Amino acid sequence: MMQKYLAKDENAAATEIGYVFTFLLGLMFLTSFSIWVWDLEVSTQDRWTEQALEENLMSVGAAVERADEAARLDSGARYAEPVDLHLSSAAGLNLEMWLTDDAVHVSDGTEAYRSSQPISGAAATTHSGVVNLVGIETVWVVLESGNVTLQVEQPGF
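Residues numbered from 1 in each chain as written. Predicted model: local features only at pLDDT ≥ 70, side-chain atom pairs only at ≥ 80, totals over all residues. Heavy atoms only, no water.

Just checking my understanding: could you explain the overall build of the chain for this structure?
A count of helical and extended segments in the chain gives one helix and eight strands. In terms of overall size, the chain is more extended than a compact globule, its C-alpha atoms giving a radius of gyration of 30 Å where 157 residues would be expected to give roughly 15 Å. Within the chain, contacts between residues at least 6 apart in sequence are counted, and of these 55% link residues at least 24 apart. Of the roughly 10500 Å² that the chain leaves accessible, carbon and sulfur atoms contribute 57%. With 7 positive and 23 negative side-chain charges, the chain shows a separation of 10 Å between the mean positions of the two kinds. (Helix = DSSP H or I, 4+ residues; strand = E, 2+ residues; numbered from the N terminus. Rg over C-alpha atoms; globule rule 2.2 N^0.38 Å. Contact = heavy atoms within 4.5 Å. Areas by Shrake-Rupley, 256 points an atom, 1.4 Å probe, with all protein chains shown as cover. Lys, Arg positive; Asp, Glu negative; His and termini not counted. Charge placed at Lys NZ, Arg CZ, Asp CG, Glu CD.)

Help me understand the pattern of salt bridges, please; the structure alone is not making it clear to me.
Side chains that carry opposite charge are capable of pairing whenever their charged atoms lie near each other. According to the stated counting rule, one finds three salt bridges in the structure shown. A salt bridge links Glu69 to Arg72; the nearest nitrogen and oxygen atoms lie 2.5 Å apart. Separated by three residues within a single helix, Glu69 and Arg72 lie in helix H1 (residues 11-73), roughly one turn from each other. The exposure class of Glu69 is partly exposed, given its relative accessible area of 35%. Take Arg72: its relative accessible area is 39%, and that puts it in the partly exposed class. For Arg78, the salt bridge goes to Glu144, with nearest N and O atoms at 3.6 Å. With Arg78 in the loop between H1 and strand S1 (79-84) and Glu144 in strand S7 (residues 138-144), this pair connects stretches of sequence that are 66 residues apart. (Salt bridge = Lys/Arg side-chain N within 4 Å of Asp/Glu carboxyl O. Buried < 20%, exposed > 50% of the residue type's maximum accessible area, 1.4 Å probe, protein only.)

I keep staring at the packing of aromatic side chains and nothing clicks. Help me out?
Describing an aromatic ring pair means giving the distance of the ring centres and the angle of the ring planes. For the structure shown, the criterion picks out one aromatic pair. When the centroid spacing of 5.8 Å and the interplanar angle of 40 degrees are considered together, the rings of Phe33 and Trp36 count as tilted. Linking Phe33 with Trp36, this pair stays in helix H1, spanning three residues, or about one helical turn. For Trp36, a relative accessible area of 52% corresponds to the exposed category. (Phe/Tyr/Trp six-rings, centres within 6.5 Å; stacked < 30°, edge-to-face > 60°.)

Could you clarify how one ought to interpret a nonpolar patch on the surface in this entry?
On the surface, Ile17, Val20, Phe21, Phe23, Leu24 and Leu27 cluster together into a nonpolar patch covering about 610 Å² of accessible area. Its place among the elements puts Val20 in helix H1. (Patch = residues over 30% accessible without salt bridge, like charges linked within 9 Å, V, L, I, M, F, W, Y side chains within 5 Å.)

I'm lost on the sheet that holds strand S2 (residues 96-99) in this one. Help?
Across a sheet, strands are paired by hydrogen bonds formed along the backbone, either parallel or antiparallel in direction. Read across the sheet, four strands follow the order S4-S3-S2-S6 without closing on themselves; strand pairing throughout is antiparallel. Strand pairing shows two members of the sheet lacking a second neighbour, strand S4 (114-118) and strand S6 (130-132), which therefore form its edges. Sheet twist, expressed as the mean angle between neighbouring strand axes with direction ignored, is 15 degrees. Where S2 meets S6, three bridges bridge the pair, whose relative direction is antiparallel. By the bridge assignment for S6, Met97 is matched with Val131. In the packing of H1 onto the sheet, the strands contacted are S2, strand S3 (103-107) and S4, and the crossing angle to S3 comes to about 150 degrees. (Pairing = 2+ DSSP bridges. Axes fitted to C-alpha atoms, helices over the stretch in contact; angles between N-to-C directions.)

I'm lost on the side chain of His127 in this one. Help?
With respect to the helices and strands, His127 occurs in strand S5 (residues 126-128). Among the polar contacts listed, one links the side chain of His127 to the side chain of Thr125, at a separation of 3.4 Å. With residues up to four places along the chain from it excluded, the contact list for His127 reads Val64, Asp68, Leu99, Thr100, Asp101, Ile119, Gly121, Asn147 and Val148. (Polar contact = N/O pair within 3.5 Å; in protein donor to acceptor, adjacent residues only side chain to side chain.)

Just distances and angles here, no functional claims.
Written out as structure tokens, the structure is:
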């Protein structure tokens, strides 16, 4: 009959502990990489949002300048120009654009995004209009009766 003896062999336990630490190290690296990529994506989205807002302001401001030019050429002129907007699908921002006599302004509900584009105001026109940009793809710059306005609907003239 053969006798069996238990041996004190700790090599297997040390190997398993090494596997656990290797797994945890990999998990830590993967988590750090995921957080870094998420921060990179958020900062890129913020930069693109700011660039789109600035381009929207410049486009609308240029259209207002053209409407003012039409008013300077003919005091009874009627003018309408559609301005296609970037970021029309950014419904979560609750963007609002408004026109004053000296600038076109845009802001979101929390005012995290707030910017203005100055306009010359060299014509004898008044500027007005407020447009909520949620889901809007086109803003109309309309000159009628010496008043330049921002509106969502195409004018009927």
